[in-house]
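Commentary on secondary and tertiary structure
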Amino acid sequence: MIRDWFRKLNPTRPKKPAEPEQPVTSLAFADVESTLALYVKAISDSRLKVMSNTLARQGAYTDGRTIFVPPEVDMFDDKKQARLFYRVTSAWKVMQLASGTLDLERVPDPNEDREQFLYYEILSGEWVDRTLVNLWPGLAPNIELMRRDALARRSQNGHRTGNLEPLIQSLLRLPIDHQPETDEIRRVAEEFPQKNGELRDMLLATGDMLRIDEPGQCLKLAFEFSAGNGKIDESTLPQAVHFRGRIRPDLLKPPEITIEDIKTDDKPASGSRRRPPPRSEPLLVDSNEPMPMQRRNRKSPTGGRQSMQISLADREPARTFHTVPLTEEEKKGAHLYHEWDYLREMYLPEWNALRTRRPKSGSTDKVDQILRQHTALIRHLKQQFEALRPERMRLTRQLDGDELDLGAYVDSQADQMAGLSPSEKLYSKVDEKERNIALACLIDLSGSTGAWIDDDPRNDQVIEVIRRGVVFLCEALTVLDDRHAVYGFTGSTRKQSEFSIVKEFDESYGETVKGRMNGLGPGAYTRMGPAIRHAVHNLTMQSARVRILMLLSDGRPNDFDGYGGRYGVEDTRKALIEARQSGVNTFALTIDGEARDYMPYMFGLGHYMVIEDTPALATRLSEVYRRLTVQ
Amino acid sequence: MSIEHLEQWSDAQLAEVEEEPYYLPIGDEVTIFDTAYREQLPVMLKGPTGVGKTRFVRAMAHRLGRPLITVACHDDLTASDLLGRFLIKDNETVWMDGPLTYAVRTGAICYLDEIVEARKDTTVVIHPLTDDRRRLRLEKTGEVLAAPPEFQLIISYNPGYQSLMKNLKPSTRQRFVAIDFDFPPPDEELEIICHESGVDRETAQLLVRLGEMIRNLSDSGLDEPASTRLLVYAAKLIRSGISPRRACELAIAAPITDDATVQEAVSDVVTTIFAE
């Protein structure tokens, strides 16, 4: 069947590399990003993402989670071809991973045996070509085209020397639509007279390897080739076959440094490309018993979290740092909020100094990328939000209204004739519902949001998911008239609560706001009480029928100066009770797997949601808002 | 009688399921249905569109040898549409049973398809039928009908469909035995496509793979991913000589979304699987 398709292939020569005087057509990744992101998601079983990276100019590569492709493709004089190149190279990388050729035990270590690694890259590449053609036959003509194109470019460059180049070129000459026959292999080898004999043997061995469904043989053969052919002259190292890109074993390794390691060791391995985000340590310590920020390993059976189950019966001894009021210096320029001390069952007046700031608005590249990668999803969310728009609905069978309901009238006539008492509800009227909602979205920007999902640096950081969620929500809200503000909070100690205004109610969602969203990053601690009180204060200044506070969090209330454990939970709970008393509805979304220990107590059942799958937080935020505000 | 009803019920159809419908059981749904029928428990079929809920109902009706009354619910469906109403005929009034009433009277299987589409006050009329009383009260005629043991109520419900505005009330859903329907596993889906369309196994295999890939996009702006029904449609088009790519465009890519980006990505996936 595949053969038939090949016969239909247009036998035109591949496009030649653009001559200098010809106008070069370039296609940027950004132009194909939204489609390509969906494409890769679909064919990789949602396992892979695609991004551009300047390092991929020499060929696409992957770290097992993300496929990195070049920021632009300019080697074709036709945008369609360039688009195809993006698609083929991404699909190829997906197949390379899915077929197991990048399994770590298979890929030779280039530091140990460089020759073996180079042979493996060539041989497994050839093997992946064929596997891909078998499993995804639609791409077969494209792979064939890319192989011819690669070959044309390589022979044009005149490289036929070295150990590897003749092997690459002769393999590319082999047919892809069927297993190469011995005759075909001999003929190809003869095109390289100076190496005919040894090349023929290598090609024959490769032909045998290609017949096997499993990539294990690639490594064996790479070992044989490297042992039989000796050192490779570094000056004759061939370029990557353009659509196959490179293997980067250094990136494929599971991360060696985890955040826990840094904590005990404090010295990240030098030369490591991946460092965990810096954690700001509080400068002022007025407690002799600081509560360390929690680091998680979500994979460990306990979730890696320190267990701090609140027993509502236990009573901690009062701590000395609960007794000193703020100094005038500390109060200066700050909003002052009280705090609930559950031990003494009293409010501590003017206890927290909260300072608002508008984060600097800078580049919007991260936000723009989110918008490009998720165009379809955002459009979908907007459509869903449009359904929330107050609609004019004609209510039938009403006691009074502006029109007679004919159906109701006929029914009532029939009922009357049948001797039943007819209904009096004979009118219809238009019902207009008004939303009039104000929303404050309060984001926990504590240090732990800098953690990578599942503590694997190849994944996104939690803050990235939060950023995505906020962008989705603001995008979706553009179709409604709901007033909304986005705030972030962090801080260390009650003297320095920080409240970032990302978007104020009266600000429009534009470049400035996007720039601020772009700059959101992990801070220090999670003192929820004052932040909630301030957000509620702002909310109550809004004239709205419904006021909603949505909190996005990744952990329990926690601060450096004893605001942890039950104390923090109690104050946060009190702040939320105050919020509800002043007419603000509260809801929390959290990714803390242990949130069930304290969330029901703070927010109440049904007023919070624990999201086990962290990346899902991004879309859940909009979903929850939609659900909360459906009329 | 039944012909007359057929003419009167604009939203319902009555049929004796004579020919055995093809249904490939995926799990224990047949056993569960049998048990529910024996125990006179109403059944709720949950799942996305196009995975075989309606086919399952038809197969079960045939198995039990009962007539099947299917009502396609919509947001204008009133209680009278289900129960019946007085009609004016030649200067006198005639009571006309609705499909649900007729099913109760005759001991048929009544299938309310996409129940969430019906108005909330409409769904309440089924409540007395779904508890151990199994009675239907017709206020207008003053009749109380006791459902015979042969009567069975089935509703279908698509949890992912539309918004939460159209969710089923807990008081309604908690009256049913719920059978979950999802996309069939690859091997079963392959069988279904082959049987329904008569396409060769190689093509069916590619269609199954295509379906799996498109379903990965269900949380990226796709309302309802490619259902088994759509895969069967595509297979039928291929079987009748339309090129696989074109068939998939027509039967899968275009129907599942209006979004240009998603449609383009779906088309790319199609061209990955099927050659020209």
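What comes next concerns the included structure. Just so it is clear, the structure is predicted and the values come from calculations on it, not from any experiment.

What counts as what
- Residues numbered from 1 in each chain as written.
- Chains lettered and ligands numbered in written order.
- Predicted model: local features only at pLDDT ≥ 70, side-chain atom pairs only at ≥ 80, totals over all residues.
- Heavy atoms only, no water.
- Axes fitted to C-alpha atoms, helices over the stretch in contact; angles between N-to-C directions.
- Helix = DSSP H or I, 4+ residues; strand = E, 2+ residues; numbered from the N terminus.
- Parallel < 35°, antiparallel > 145°, perpendicular 65-115°, else oblique.
- Left-handed = near helix turned anticlockwise from the far one by under 90°.
- Contact = heavy atoms within 4.5 Å.
- Nonpolar A, V, L, I, M, F, W, Y, C, P; charged D, E, K, R; others polar.
- Pairing = 2+ DSSP bridges.
- Phe/Tyr/Trp six-rings, centres within 6.5 Å; stacked < 30°, edge-to-face > 60°.
- Buried < 20%, exposed > 50% of the residue type's maximum accessible area, 1.4 Å probe, protein only.
- Lys NZ or Arg CZ within 6 Å of the ring centre and 35° of its normal.

A word on the packing of helix α14 (residues 375-386) of chain A against helix α16 (residues 462-477) of chain A
Residues and elements named next belong to chain A. In contact at an axis separation of 8 Å, α14 and α16 are set at 50 degrees when each is read in the N-to-C sense. Put simply, α14 runs oblique to α16. Handedness of the α14/α16 crossing: right-handed. The residues of α16 that touch α14, namely those facing Leu377, Ile378, Leu381, Lys382 and Phe385, are Phe472, Leu473, Glu475, Ala476 and Leu477. Split by residue class, the contact of α14 with α16 holds eight nonpolar, no polar and two charged.

Focus: the sheet that holds strand β2 (residues 49-52) of chain A
All names here are of chain A. Pairing is mixed across the open sheet formed by three strands, whose spatial order is β2-β4-β3. In this open sheet, the two strands that pair with only one neighbour each are β2 and β3 (61-62). Taken together, the two bridges between β3 and strand β4 (residues 66-69) define a ladder with antiparallel strand orientation. Bridge pairing in β4 links Thr62 to Ile67. Its contacts with the sheet place helix α3 (residues 79-98) against β2, β3 and β4, and it is angled at close to 145 degrees to β4.

Topic: the packing of aromatic side chains
Taken as a whole and assessed by the stated rule, the structure comprises 16 aromatic pairs over all chains. Ring geometry for Trp92 of chain A against Phe243 of chain A: centres 6.4 Å apart, planes inclined by 90 degrees, an arrangement best described as edge-to-face. Linking Trp92 of chain A in helix α3 with Phe243 of chain A in the loop between α9 (216-229) and α10 (249-252), this pair joins segments that are 151 residues apart in sequence. Comparing Trp92 of chain A with Phe243 of chain A, the two get one shared label, buried. Between Phe33 of chain B and Phe56 of chain B, the ring centres sit 5.7 Å apart and the planes meet at 90 degrees, which makes this aromatic pair edge-to-face. Of this pair, Phe33 of chain B sits in helix α2 (residues 29-38) while Phe56 of chain B is found in helix α3 (residues 53-64), placing the two residues 23 residues apart along the sequence. Counting every residue linked through ring pairs, the aromatic cluster contains Tyr23, Phe33, Phe56 and Phe181 of chain B. The ring centre of Phe76 of chain A lies 5.1 Å from the NZ or CZ of Arg153 of chain A, which sits over that ring.

So far we have only geometry, and geometry alone does not tell us how the molecule works.
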